[in-house]
Amino acid sequence: MEEDIERVLISEDQLKQKVQEMGKAISEDYAGKSLILVGILKGSFVFMSDLCRSIPLPCTVDFMAVSSYANSTTSSGRVQILKDLSENITGRDILVVEDILDSGNTLYSLNQLLLARKPASLRLCTLLDKPDRRTREVHADYSGFSIPDVFVVGYGLDYGEQYRNLPYIGILKPEVYSSDNT
């Protein structure tokens, strides 16, 4: 796996520090409230696990699985709900936790779906933000790192279900995925 990484973009130490900072900001903003963290599978599970432990507030977790990428490096533009929430979110404070905000297609559609369920509040937390690729107007309330338009893996992010277990965020060598970009 390591041989497929062009270079480390965000180190393990940088990730730990940023997640702690984000947890502190979220804790301050939601003080006195009970929060539902909604992780978007599969990519957010590592980030959400660390983030949850940095938020010393009453909170529950739930997950959704959505897809617009399949095994490609670009979004198809069609969002599919593969797993829906287990809890009713009406009147609850919801924080959607995502690994990366890229085109915005997935999170725009997801936001519309969740708002229709009438939560008390709905905010977005993303570890990575790729503003150069945005095609939909989506704003993250909590954002860890703004990154350039490169294909990244590690810390939960994958290519073809591989690389999620890397403890850092690395840039995947283009030759690894170039056959996908036709």
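Residues numbered from 1 in each chain as written. Predicted model: local features only at pLDDT ≥ 70, side-chain atom pairs only at ≥ 80, totals over all residues. Heavy atoms only, no water.

Some words on the layout of surface pockets
Working step 1: By volume, the second largest pocket is sized at about 150 Å³.
Working step 2: Around the second largest pocket, the lining comprises 13 residues; the ones closest to its centre are Leu 107, Asn 111, Leu 124, Val 138 and His 139.
Working step 3: Looking at the lining of the second largest pocket, the elements with two or more residues in it are helix H3 (105-115) and strand S6 (121-129).
Working step 4: Of the residues assigned to the lining of the second largest pocket, the class counts are eight nonpolar, two polar and three charged. (1 Å grid on protein atoms, 1.4 Å probe; cavity = no way out; pocket = protein on both sides within 12 Å on 5 of 7 lines; lining within 4 Å. Points joined across faces, edges and corners; volume = space filled by probe spheres on them. Helix = DSSP H or I, 4+ residues; strand = E, 2+ residues; numbered from the N terminus. Nonpolar A, V, L, I, M, F, W, Y, C, P; charged D, E, K, R; others polar.)

Description of the sheet that holds strand S5 (residues 93-101)
Working step 1: Reading across the sheet, the six strands line up as S4-S3-S2-S5-S6-S7 and stay open at both edges, with mixed pairing between neighbours. Of all strands in the sheet, those bounded by a partner on one side alone are strand S4 (80-83) and strand S7 (142-146). Direction aside, neighbouring strands of the sheet carry axes that sit 30 degrees apart on average.
Working step 2: Here S6 pairs with S7 via four bridges, running parallel. By the bridge assignment, Cys 125 is partnered in S7 with Tyr 142. (Pairing = 2+ DSSP bridges. Axes fitted to C-alpha atoms, helices over the stretch in contact; angles between N-to-C directions.)

What about the nonpolar core?
Taken as a class, soluble globular proteins show a tendency for nonpolar side chains to be buried jointly.
Working step 1: By size, the foremost hydrophobic cluster in this structure holds 27 residues, and its most contacted members are Ile 26, Phe 47, Leu 51, Leu 95, Leu 128 and Ile 169.
Working step 2: Going through the elements one at a time, helix H1 (12-29), strand S2 (35-41), helix H2 (45-53), S5, S6, S7 and strand S9 (169-172) are the ones with two or more residues in this core.
Working step 3: Apart from residues no more than four positions distant in its own chain, Leu 128 is found in contact with Ile 10, Asp 99, Ile 100, Leu 101, Phe 145, Ile 147, Val 152, Leu 157 and Ile 169.
Working step 4: In this structure, Ile 36, Leu 85, Ile 89 and Val 96 belong to the second largest nonpolar core, which totals 17 residues. (Core = buried A, V, L, I, M, F, W, Y, C linked by side-chain atoms within 4.5 Å. Buried < 20%, exposed > 50% of the residue type's maximum accessible area, 1.4 Å probe, protein only. Contact = heavy atoms within 4.5 Å.)

Some words on the pattern of salt bridges
Should their charged atoms come close, side chains of opposite charge can pair.
Working step 1: Taken as a whole and judged by the stated rule, the model has 14 salt bridges.
Working step 2: Residues Arg 123 and Asp 29 are paired through a salt bridge, measuring 3.7 Å at the closest nitrogen-oxygen approach. Of the two residues, Arg 123 is situated in strand S6 and Asp 29 in helix H1; the sequence distance between them amounts to 94 residues.
Working step 3: Taking the relative accessible area as the measure of exposure, Arg 123 reaches 31% and is therefore partly exposed.
Working step 4: It is possible to trace a salt-bridge network through shared partners that takes in Lys 42, Asp 158, Glu 161 and Arg 164. (Salt bridge = Lys/Arg side-chain N within 4 Å of Asp/Glu carboxyl O.)

Things to note about the packing of H1 against H2
Working step 1: At a minimum axis distance of 8 Å, the contact between H1 and H2 shows a crossing angle of 55 degrees. With respect to each other, H1 and H2 are oriented oblique. Remark: the crossing between H1 and H2 carries right-handed chirality. Across the interface between the two elements, Val 19, Met 22, Gly 23 and Ile 26 from H1 touch Phe 47, Asp 50 and Leu 51 from H2.
Working step 2: Partitioned by chemical class, the residues of the contact of H1 with H2 number five nonpolar, one polar and one charged. (Parallel < 35°, antiparallel > 145°, perpendicular 65-115°, else oblique. Left-handed = near helix turned anticlockwise from the far one by under 90°.)

Looking at the confidence of the model for the protein
Working step 1: Averaged over all residues, the pLDDT of the protein is 91; the fraction at 70 or higher stands at 92%.
Working step 2: Within the protein, the lowest mean pLDDT, 88, falls on helix H4 (residues 174-177), and the highest, 98, falls on H1. (pLDDT = per-residue confidence, 0-100.)

Points about the sheet that holds strand S8 (residues 152-153)
Working step 1: Pairing in this open sheet of three strands is antiparallel, and the strands run S1-S9-S8 from one edge to the other. Two strands close off the open sheet at either side, each with one partner strand: strand S1 (5-10) and S8.

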